[in-house]
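# Examining the three-dimensional arrangement
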Amino acid sequence: MVGSLLVNLGSAATGLGQVVAVIRDWWGRCHDTRPSLRLTLDGDVLELSEATDDQVVEAFDLFVRRHATAVT
């Protein structure tokens, strides 16, 4: 199954954090079959397929921090 989600955040920095939080929560509930995940923002790519919960939290937090100032 292949799916995609396109989100237009405009200039809302909090919007990025909220979208990433929802995606992280969804991904965290997929314990039996971890789906591959690819987020792209301004040419920066976060791609996850097989990662521990701690690695996922760290990767999402870094991605949001890197782009929080870019979307303000």
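Refer to the structure printed above.
Let me begin by describing the structure that accompanies this report. Only a predicted model underlies this, so the values are computations on that prediction, with no experimental measurement involved.

### Considerations on the nonpolar core
- Counting 15 residues, the largest nonpolar core has Trp 27, Leu 37, Leu 39, Leu 46, Leu 48, Val 56 and Phe 60 as the members making the most contacts within it.
- For this core, the elements supplying multiple residues, two or more each, are helix 1 (13-28), strand 1 (37-41), strand 2 (44-48) and helix 2 (53-68).
- Top contributing element to this core by residue count: helix 2, with 5 residues.
- For Leu 46, the contacting residues outside a window of four places in its chain are Leu 37, Arg 38, Leu 39, Ala 59, Phe 60 and Phe 63.

### Digging into the environment of Arg 34
- Structurally, the position occupied by Arg 34 is in the loop between helix 1 and strand 1.
- A relative accessible area of 25% places Arg 34 in the partly exposed class.
- Among residues more than four places away in sequence, those in contact with Arg 34 are Trp 27, Gly 28, Ser 49 and Asp 53.

### A look at the pattern of salt bridges
- In total, this model carries 3 salt bridges according to the counting rule given.
- Between Arg 24 and Asp 61 there is a salt bridge; the shortest N-O distance is 2.9 Å. Here Arg 24, found in helix 1, pairs with Asp 61, found in helix 2; they are 37 residues apart in sequence, far enough to count as distant.
- With a relative accessible area of 31%, Asp 61 lands in the partly exposed category.
- Arg 38 serves as the salt-bridge partner of Glu 47, at 3.0 Å between the closest nitrogen and oxygen.
- Among the residues examined, Arg 38 registers a relative accessible area of 53% and is labelled exposed.

The rules we used
Residues numbered from 1 in each chain as written. Predicted model: local features only at pLDDT ≥ 70, side-chain atom pairs only at ≥ 80, totals over all residues. Heavy atoms only, no water. Core = buried A, V, L, I, M, F, W, Y, C linked by side-chain atoms within 4.5 Å. Buried < 20%, exposed > 50% of the residue type's maximum accessible area, 1.4 Å probe, protein only. Helix = DSSP H or I, 4+ residues; strand = E, 2+ residues; numbered from the N terminus. Contact = heavy atoms within 4.5 Å. Salt bridge = Lys/Arg side-chain N within 4 Å of Asp/Glu carboxyl O.

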